[in-house]
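# Per-entry structural report
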Amino acid sequence: MKIVLAIDSSDFSKVAIKELGKFPLPKESEVCIINVYEYRALPTSGLHSTTATLYKYPDEAIKNAQIIGDKIISEAIKILKEENESLNITTSVISGLPKKEILEKAESFGADLIVVGSQGQGAFSRLLLGSVSQYLATQAKCSVMILKDKDAK
Amino acid sequence: MKIVLAVDGSDFSKVAIKKLAKFPLPQGSEISIINVYEHPAMSTPELISTTVTLDVYYQEFIANAEKIGKKIVSEAGKVLKEKNRSLLITTNVISGLPKREILEKAESFDADLIVVGSQGQGAFSRLLLGSVSQYLATHAKCSVLIVKEKENA
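Here is what the cut-offs are and how they apply
- Residues numbered from 1 in each chain as written.
- Chains lettered and ligands numbered in written order.
- Predicted model: local features only at pLDDT ≥ 70, side-chain atom pairs only at ≥ 80, totals over all residues.
- Heavy atoms only, no water.
- UniProt positions renumbered as here; feature names shortened; annotations may be inferred.
- Helix = DSSP H or I, 4+ residues; strand = E, 2+ residues; numbered from the N terminus.
- Expected span 1.5 Å × (residues − 1).
- Buried < 20%, exposed > 50% of the residue type's maximum accessible area, 1.4 Å probe, protein only.
- Contact = heavy atoms within 4.5 Å.
- Salt bridge = Lys/Arg side-chain N within 4 Å of Asp/Glu carboxyl O.
- Buried area = accessible area lost by both parts, 1.4 Å probe.
- Polar contact = N/O pair within 3.5 Å; in protein donor to acceptor, adjacent residues only side chain to side chain.
- Phe/Tyr/Trp six-rings, centres within 6.5 Å; stacked < 30°, edge-to-face > 60°.
- Pairing = 2+ DSSP bridges.
- Axes fitted to C-alpha atoms, helices over the stretch in contact; angles between N-to-C directions.
- Parallel < 35°, antiparallel > 145°, perpendicular 65-115°, else oblique.
- Left-handed = near helix turned anticlockwise from the far one by under 90°.
- Nonpolar A, V, L, I, M, F, W, Y, C, P; charged D, E, K, R; others polar.

Under an unreviewed UniProt entry, the name given to chain B is Nucleotide-binding universal stress UspA family protein, and the source organism is Gillisia mitskevichiae. Turning to chain B, the UniProt annotation filed under Sequence similarities (unreviewed entry) states: "Belongs to the universal stress protein A family."

Looking up chain A in an unreviewed UniProt entry gives the name Nucleotide-binding universal stress UspA family protein, with the organism given as Gillisia mitskevichiae. Taken from UniProt, the Sequence similarities (unreviewed entry) comment for chain A reads in full: "Belongs to the universal stress protein A family."

Here's what the structure looks like:
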């Protein structure tokens, strides 16, 4: 079974990672863990500047996002492996619009299943009860699992 | 592991049953298979009548819905049992609003996971790309698996 696990640094993602580790997956399942960060300059591309300071800002932001993404993912690998040794894990940190990148990854990876937490990081998402999860639930071509810990309160 | 599998007679539900059977569920997992039908009077309460004819109509409707529902859930149970003999399966046919009854069942059964197809039977649901799945994805306290057959697979 091929699975895309999309995570950010939220507690909801941590629950999803742990629950996926405990989930009864077929042996040798492949899990592709992705973290998508939004490039802040995206919505205001007209504001791009060639002055040294501003120019440097997006570079640094991207670098930091990559570092944070790598860290989120390496922690996820650790948890998954602890729970289920047989998993084959690949990873990637991607820049873009989360819901779109998750769907694209699922297609290119040939995923049977997309796994996400119930809510993401964005304050706006939280208001909408997980706009990404909801978008995936309706738009993905493969199965989607929203993992929650029912005993957590 | 405790799972609520909600099915109707749609092909989407058949896919959900088939895919759920592919997970190596732990020995002795409990699966509650439910089919929810809407009482015709619920959508048109003003039509409730005490005349014999309408009353007979409702009685027949309910009898038929129960009969069809029982067939759907028992067939689902058979498919799952074939793959995994250790599963403890219970079945119920319930009258009510599908999304609400599924959530209530999940709570009373103390389910870890709700499994549904990506779209149900209702024409209206189909328009909304599976309003029940979407509702569950945002409102359930436990994990939700929305099953789809991957295209070209």
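### Here we look at helix α4 (residues 98-109) of chain B
All names here are of chain B. For α4, built from twelve residues, the straight-helix expectation of 16 Å at 1.5 Å per residue is met to within 8% by its first-to-last C-alpha distance of 16 Å. Those residues of α4 that fall on the buried side of the exposure criterion are Pro98, Glu101, Ile102, Leu103, Lys105, Ala106 and Phe109. Where α4 is buried, its residues contact β1 (2-6), β2 (30-37), β3 (88-95), β4 (113-117) and α6 (131-139). Immediately beyond the C-terminal end of α4, within one or two residues, lies Asp110, with a positive phi of roughly 60°.

### Observations regarding the pattern of salt bridges
For the coordinates displayed, the defined rule picks out eight salt bridges over all chains. Of the charged contacts, one joins A:Lys150 and B:Asp110 as a salt bridge, the two residues approaching to 3.3 Å between their closest N and O atoms. Taken together, the residues A:Lys150 in the segment after β5 (143-147) and B:Asp110 in the loop between α4 and β4 connect one chain to another. Exposure remark for B:Asp110: the relative accessible area of 41% places this residue in the partly exposed category. Salt-bridge contacts for B:Asp112 lead to A:Lys150; the nearest nitrogen and oxygen are separated by 2.8 Å. On the criterion of chain membership, the pair formed by B:Asp112 in the loop between α4 and β4 and A:Lys150 in the segment after β5 is interchain, its members lying in two chains.

### Some details on the interface of chain A and chain B
Tallying the contact residues gives 25 residues for chain A and 27 residues for chain B. Among the residues of chain A in contact with chain B, A:Pro24, A:Lys148 and A:Lys150 are the three that bury the most area, contributing 27% of the side total. Along the contact surface separating chain A from chain B lie two salt bridges. Summed over the shared surface of chain A and chain B, the number is nine residue pairs in polar contact (both at pLDDT 80 or more).

### Things to note about the packing of aromatic side chains
Using the criterion set out here, one finds three aromatic pairs over all chains in the structure. For the ring pair A:Phe23 and B:Phe23, a centre distance of 5.4 Å and an interplane angle of 85° mean the geometry is edge-to-face. Of this pair, A:Phe23 sits in the loop between α1 (11-22) and β2 (30-37) while B:Phe23 sits in the loop between α1 (11-22) and β2, each in a different chain. An identical accessibility class is assigned to A:Phe23 and B:Phe23; each is buried. The interplanar angle of 50° and the centroid separation of 5.5 Å between the aromatic rings of B:Tyr57 and B:Tyr58 together place this pair among those described as tilted. Assessed through its relative accessible area of 42%, B:Tyr57 is described here as partly exposed.

### Details of helix α3 (residues 98-109) of chain A
Residues and elements named next belong to chain A. Relative to the 16 Å expected for twelve residues at 1.5 Å per residue, α3 spans 16 Å between its end C-alpha atoms, a close match to the ideal helical length. Regarding α3, the residues found buried are Pro98, Glu101, Ile102, Leu103, Ala106 and Phe109. Taken together, the buried residues of α3 touch β1 (2-6), β2, β3 (88-95), β4 (113-117) and α5 (131-139). Following α3 by one or two positions, Gly110 has its phi on the positive side, about 70°.

### Observations regarding the sheet that holds β2(A)
Read from one edge of the open sheet, ten strands run β3(A)-β2(A)-β1(A)-β4(A)-β5(A)-β5(B)-β4(B)-β1(B)-β2(B)-β3(B), paired in mixed fashion. Since the sheet does not close on itself, it has two edges, and those belong to β3 of chain A together with β3 of chain B, each with one partner. Between one strand axis and the next, the sheet turns by 20° as a mean value, whatever way the strands run. Relative to β2(B), β1(B) runs parallel, the two being bridged by five bridges. Its bridge partner lying in β2(B), B:Leu5 is registered against B:Ile33.

### Looking at the packing of α4(B) against α6(B)
All names here are of chain B. Across the interface, α4 lies against α6 with an axial gap of 9 Å and an inter-helix angle of 40°. If you check the angle between α4 and α6, you find them oblique. For the crossing formed where α4 meets α6, the hand is right-handed. Within the contact between the two elements, α4 uses Pro98, Lys99, Ile102 and Leu103 and α6 uses Val132, Tyr135, Leu136 and His139. The class makeup of the residues in the contact of α4 with α6 is six nonpolar, one polar and one charged.

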